[in-house]
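Next come the chains, spelled out residue by residue.
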Amino acid sequence: VEDHEHARLLASALSELRHFELDLDLVQTNIVVCDLKGAESGEVIQALSREGVLAVPLGPARLRFVTHRNVSRADISDAIDVLSLLDREGFVVPE
């Protein structure tokens, strides 16, 4: 149940970012699927990976995030910080 709450928290944050689009009503489990606006899955996954956030492509402009029992609330908060920064920077990791 905690992982579902974490997924909801992540989804809520993603819904506020300009390059991500998702339907919060569809987030019922520990899986978050979102569409990208103005970015491609590959470039976003690379940028996230460099910052320690993992996602899986579900197409050229769609990502899947999965939370599980070993992902803490602090981990989710860190991931949200990374996603927010990358969203602002256009998925280029600032040096």
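**Some points on the overall build of the protein chain**
From N to C terminus, the protein chain includes three helices and four strands. Sequence-ordered secondary structure for the protein chain, helices as α and strands as β, is α-β-β-α-β-β-α. The C-alpha atoms of the protein chain give 12 Å as radius of gyration, which agrees with the globular expectation for 95 residues (12 Å, within 12%). Overall, the C-alpha framework of the protein chain stretches about 35 × 25 × 20 Å when taken along its three principal axes. Counting every position in the protein chain, which comprises 95 residues, the buried fraction comes to 40%.

**With respect to the pattern of salt bridges**
Inspection of every chain in the model, using the stated rule, returns one salt bridge. Close ionic contact of arginine 62 with aspartate 35 constitutes a salt bridge, the shortest N to O distance being 2.7 Å. Of this pair, arginine 62 sits in strand 4 (residues 62–66) while aspartate 35 is found in strand 2 (residues 31–36), placing the two residues 27 residues apart along the sequence.

**Description of the side chain of histidine 6**
Inspection of the secondary structure puts histidine 6 in helix 1 (residues 2–15). Of the polar contacts made by the side chain of histidine 6, one reaches the backbone oxygen of valine 71; its length is 3.2 Å. With residues up to four places along the chain from it excluded, the contact list for histidine 6 reads Thr67, Val71, Ser72, Arg73 and Ile76.

**Things to note about helix 3 (residues 73–89)**
Over its 17 residues, helix 3 extends 24 Å from the first C-alpha to the last, a length consistent with the 24 Å expected when each residue adds 1.5 Å. Every buried residue of helix 3 is listed here: Ile76, Ala79, Ile80, Val82, Leu83, Ser84, Leu86 and Asp87. Just beyond helix 3, the residue with positive phi is glycine 90, at close to 70°.

Scoring rules and cut-offs
- Residues numbered from 1 in each chain as written.
- Predicted model: local features only at pLDDT ≥ 70, side-chain atom pairs only at ≥ 80, totals over all residues.
- Heavy atoms only, no water.
- Helix = DSSP H or I, 4+ residues; strand = E, 2+ residues; numbered from the N terminus.
- Rg over C-alpha atoms; globule rule 2.2 N^0.38 Å.
- Buried < 20%, exposed > 50% of the residue type's maximum accessible area, 1.4 Å probe, protein only.
- Salt bridge = Lys/Arg side-chain N within 4 Å of Asp/Glu carboxyl O.
- Polar contact = N/O pair within 3.5 Å; in protein donor to acceptor, adjacent residues only side chain to side chain.
- Contact = heavy atoms within 4.5 Å.
- Expected span 1.5 Å × (residues − 1).

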